[in-house]
Amino acid sequence: MNDPRRHIPRTDALLDLPAARASRLSDARIKSIIVAAQEAARRGEIAPGDVAARVESQLRGAAPYSLRPVLNATGVIIHTNLGRAPLPQASVDALVAAAGYTDVELELAAGVRSAHRGRGAIDALLAACPGAEDALVVNNGAAALLLACAALAEGGEVVISRGELIEIGAGFRLPELIESAHVTLKEIGATNRTHLWDYQRATTANTGAYLKVHPSNFRMEGFTSSVGVEELAGEARQRGVGLIVDLGSGLLTPDATLPDEPDLHAQLAAGADLVIASGDKLLGGPQAGILLGTRHAIARAKKHPLARALRIDKLRLNALEAAVNVGSNAVQDFLHIAPETLKARSQSVLEQLPKALPARLVAHAGRVGGGGAPEHPLDGWAIAAPEALAAPLRQGEPAVMPRTHKGQCIIDLRCVPESQDAAIVAAIAAAWERVN
């Protein structure tokens, strides 16, 4: 009879709270917040008398979505765990513009269904990469590779060098994806060396395509060799097979900052039938799988049944078009920021931190990330602080994601907009206060 849990407010009473009645959340979401507070009281984590206050507090601050904005202080530009490329404002505006009814599959002048879904995004890509005769956009890079293999080699063989059979994040392995396209994967060469005669010897009447894959998140050095796209394209034409080049990173044209990173334009000029890239990496747009190539190859991809299953939605089509058409984006800004600028900003932040905080300015190389320019350093500077700050920084408001390395918390401002420097100062100061 004296159990305090008997005083936990009833669900119907909590549903009648002003915050519950005024909330725009669904009934199911409101009830889940209420039940969570009641369960916390049953476990003794809060007093029964505090349940109503917790419910009201959580309902007032609750949003109908769960993803939180994070300030990326890792120095890695295309950070997959943080959602890869941050969208330019033009793409954000494009998402809003496409949120309602749109003419995504409608010819407004004639009032009939359009056969040119995504034409704006395709035209933008072709203008940015004139070496392509046509283009197609699907929902991500893996989907683009799956469709390319199915369109050019379904029921046949895809020939690939062993040195390019990579595994990327979350245990995703390329061979398993390729084979799901109902093709036979034929591995050639050695891990470190593949020659043209390897392709020649492997080609049969059942060979549908040669596939070259960017090594993504690793780099092989030493006693190595591979066959370039131009040489392989000549062999593919002579044998009557397709040539697919998966670049992944989405660099449209050469960039002096990344001298070893291949670009889409060069692969098309060298003779590839299809070149594949992701929209949310160096291109700086939303998640998308981009296929650029010859009219014939793109036509085969468009006609394949998988094209419908893998098609991209109207929101990302509009955002991708805007990202390609806009003059600059955050990825390019972060990639080309001057080390001197980073040093000055970091020094300014350092000078505003609590005097008792043992932090210092250190040289720190950023990275492209997302499989782009693997191991290529981007010279810069950062703030090194005690590692104990990392957890409270991640859990603060705003959330700040630093890098931890050799017992230090490294705060790199490369990917933090300069307008957020004051927020970084406040976040570091608050984290320091929490650990002391």
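In this numbering scheme, every chain counts its residues from 1 along its sequence in written order. Only residues with pLDDT of at least 70 are given local features in this predicted model, and only at 80 or more are side-chain atom pairs given and counted; all residues enter the totals for whole chains, interfaces and linings. Hydrogens are left out, water is left out, and the side-chain values use all remaining heavy atoms of the structure.

(A) The arrangement of the packing of helix H7 (residues 141–153) against helix H12 (residues 295–303) in detail. Each axis is a line fitted through C-alpha atoms, and for a helix only the stretch in contact is used; angles between axes span 0 to 180 degrees, taken between their N-to-C directions. Strands here mean DSSP runs of E at least two residues long; helices mean DSSP runs of H or I at least four residues long; both are numbered from the N terminus. Interaxial distance between H7 and H12 falls to 9 Å at its minimum, and their mutual angle equals 105 degrees. Judged by the angle between their axes, H7 and H12 are roughly perpendicular. Two secondary-structure elements touch here, H7 through Leu-147, Ala-151 and Leu-152 and H12 through Ala-297, Arg-300 and Ala-301. Gly falls in the polar group here, along with every residue not listed as nonpolar (Ala, Val, Leu, Ile, Met, Phe, Trp, Tyr, Cys, Pro) or charged (Asp, Glu, Lys, Arg). Among the residues forming the contact of H7 with H12, the class breakdown is five nonpolar, no polar and one charged. For this classification, under 35 degrees means roughly parallel, over 145 means roughly antiparallel, 65 to 115 means roughly perpendicular, and everything else is oblique. A contact between two residues is defined here by any heavy atoms of the two lying within 4.5 Å.

(B) Structural context of the domain arrangement of the chain. Domain extents, as shown, originate in an automatic or database domain assignment. According to the domain assignment, the chain consists of domain 1 (4–61), domain 2 (70–80 + 332–435) and domain 3 (87–328). Relative to domain 3, the C-alpha centre of domain 2 lies at a distance of 33 Å. Contacts between domain 2 and domain 3 engage 14 residues on the former and 15 residues on the latter. Buried area: the accessible area, evaluated with a 1.4 Å probe, that two parts lose upon being put together, summed over both parts. Both sides together, the interface formed by domain 2 and domain 3 hides about 1,200 Å², and carbon and sulfur atoms give 60% of it. Here a salt bridge means any side-chain nitrogen of Lys or Arg lying within 4 Å of a carboxyl oxygen belonging to Asp or Glu. The tally of links between domain 2 and domain 3 comes to zero salt bridges. Within 3.5 Å is the distance limit for a polar contact, defined as a pair of N or O atoms, with the added protein rule that one can donate a hydrogen and the other accept it, and that residues adjacent in sequence qualify only through two side-chain atoms. For the pair domain 2 and domain 3, the interface holds six residue pairs in polar contact (both at pLDDT 80 or more). Here the residues of the side of domain 2 that touches domain 3 sort into six nonpolar, six polar and two charged.

(C) Here's a closer look at the sheet that holds strand E14 (residues 381–386). Here, a strand pair is defined by DSSP locating no fewer than two bridges between the strands. Taken in spatial order, the four strands of this open sheet run E13-E14-E17-E16, and their pairing is antiparallel. Since the sheet does not close on itself, it has two edges, and those belong to strand E13 (360–363) and strand E16 (403–405), each with one partner. Across the sheet, the mean angle from the axis of one strand to that of its neighbour is 40 degrees, orientation sign disregarded. Direction of pairing for E14 relative to strand E17 (residues 408–411): antiparallel, over a ladder of four bridges. Among the inter-strand pairings, Pro-386 is bridged to a residue of E17, identified as Gln-408. Along the sheet, helix H16 (residues 339–351) contacts E13 and E14; its crossing angle with E14, the most-contacted strand, is approximately 30 degrees.

(D) Layout of the packing of aromatic side chains. Planes of paired rings set the category: under 30 degrees apart is stacked, over 60 is edge-to-face and the rest tilted, where pairs are Phe, Tyr or Trp rings (Trp by its six-membered ring) whose centres lie within 6.5 Å. In this structure the tally under the stated criterion is one aromatic pair. Seen from their ring centres, Tyr-199 and Tyr-210 are 5.3 Å apart, and the 65 degrees between their planes marks the pair as edge-to-face. With Tyr-199 in helix H9 (residues 196–202) and Tyr-210 in strand E9 (residues 207–213), the pair connects residues that are eleven residues apart, well separated along the chain. We note that Tyr-199, like Tyr-210, is buried. Geometrically, a lysine NZ or arginine CZ counts as sitting over a ring once it is within 6 Å of the ring centre and also within 35 degrees of the ring normal. Residue placement shows Arg-193 over the ring face of Phe-223; its charged tip is 4.0 Å from the ring centre. For the cation-ring pair, Lys-343 lies above Trp-381, with the distance from its terminal atom to the ring centre recorded as 4.4 Å. Only protein chains enter the accessibility calculation, which uses a 1.4 Å probe; a residue is then buried when its area is under 20% of its type maximum, exposed when over 50%, and partly exposed in between.

(E) Seen up close, the pattern of salt bridges. Considering all chains together, one arrives at 20 salt bridges under this definition. One salt bridge connects Glu-164 with Lys-212, and the closest N-O pair in it is separated by 2.9 Å. Of this pair, Glu-164 sits in the loop between strand E5 (157–161) and strand E6 (167–168) while Lys-212 sits in strand E9, and the two are 48 residues apart along the sequence. Residue class for Glu-164 comes out buried when judged on its relative accessible area of 9%. For Lys-212, a relative accessible area of 10% gives the class buried. Between Glu-235 and Arg-239 there is a salt bridge whose closest N-O contact spans 2.8 Å. Placement of both Glu-235 and Arg-239 in helix H10 (residues 229–239) is noted, with a separation of four residues, approximately one turn of the helix. For Glu-235, a relative accessible area of 6% gives the class buried. Three or more residues joined by partner-sharing salt bridges are found here, namely Glu-105, Arg-113, Arg-117 and Arg-311.

(F) Layout of the UniProt feature "modified residue: N6-(pyridoxal phosphate)lysine" (unreviewed entry) in the chain. UniProt feature "modified residue: N6-(pyridoxal phosphate)lysine" (unreviewed entry): in the numbering of this structure it lies at Lys-281. Residue placement: Lys-281 occurs in the loop between strand E11 (274–278) and strand E12 (289–293). In this view, Lys-281 contacts Ile-78, Arg-84, Ala-85, Gly-248, Ser-249, Val-331 and Gly-370; residues no more than four positions away in its chain are not counted. UniProt positions are given in the numbering used here, feature names are shortened, and annotations may be inferred rather than shown by experiment.

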